[in-house]
Amino acid sequence: MTIRPGRAELRRPEVEGARRQDGADPAEFWEHYLSPFASIATEFISVREAGDEAVLEWQSTGELATGRPIEYAGVSLLTFDDQDKIARFATYFDTAAFVAPSDIT
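Calculation rules
- Residues numbered from 1 in each chain as written.
- Predicted model: local features only at pLDDT ≥ 70, side-chain atom pairs only at ≥ 80, totals over all residues.
- Heavy atoms only, no water.
- Pairing = 2+ DSSP bridges.
- Helix = DSSP H or I, 4+ residues; strand = E, 2+ residues; numbered from the N terminus.
- Contact = heavy atoms within 4.5 Å.

Trainee: What exactly am I supposed to notice about the pairing of strand 4 (residues 53-64) here?
Mentor: Walk down a regular strand and you will see the side chains alternate between the two sheet faces. When strand 3 (residues 37-50) meets strand 4, the two strands line up antiparallel, connected through twelve bridges. Looking across to strand 4, one finds that F37 is bridged to L64. Between strand 3 and strand 4, which pair antiparallel and follow one another directly, the connecting turn spans two residues, one of which, G51, has a positive phi of 60°. Relative to strand 5 (residues 69-80), strand 4 is paired through eleven bridges, and the arrangement is antiparallel. Residue pairing across strands places S60 opposite Y72, the latter belonging to strand 5. Taking the residues that link successive antiparallel strands as the turn, the strand 4-strand 5 hairpin has four residues, and the phi of G67 there is positive, at about 100°.

The following block contains the structure:
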C-alpha cells in the first residue's frame, strides 16, 4: 500500500473536526500525528479488507514528550483506488488518553 503524495484524502478528526485534507502531504500528516510522542509502538489487533476498503483496529503504547506513559486504542479506515493505492485514510482514537488526570476538572 502506498499513499500518493498530494492526492490522498487524509483525516484526523480529533484535530480537524470533520474537515477534509484533500491533497495533503502524507509525510506532514504523519509528522504532525507523531509530534506529541517521545516513543510510540502500535499493535494491530484486527485487519479486515474487502473490495476497495480496509479497517485496521489497533492499540498503541508509548511515552509522550512530557515523559508521561500513554496507552490508547483506535481504528483506521482506508479506501483504495483502482491501482491499489490509498485514496482515503481516516483514523479515529480515544483522545482522552492524551489528557493528564490533573487536567480534568
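Trainee: Whenever I open this one, the side chain of S46 confuses me. Can you help?
Mentor: With respect to the helices and strands, the residue S46 is situated in strand 3. Discounting chain neighbours no more than four positions away, the residues touching S46 are V55, L56 and E57.

On their own, these measurements won't tell you what the molecule is for.
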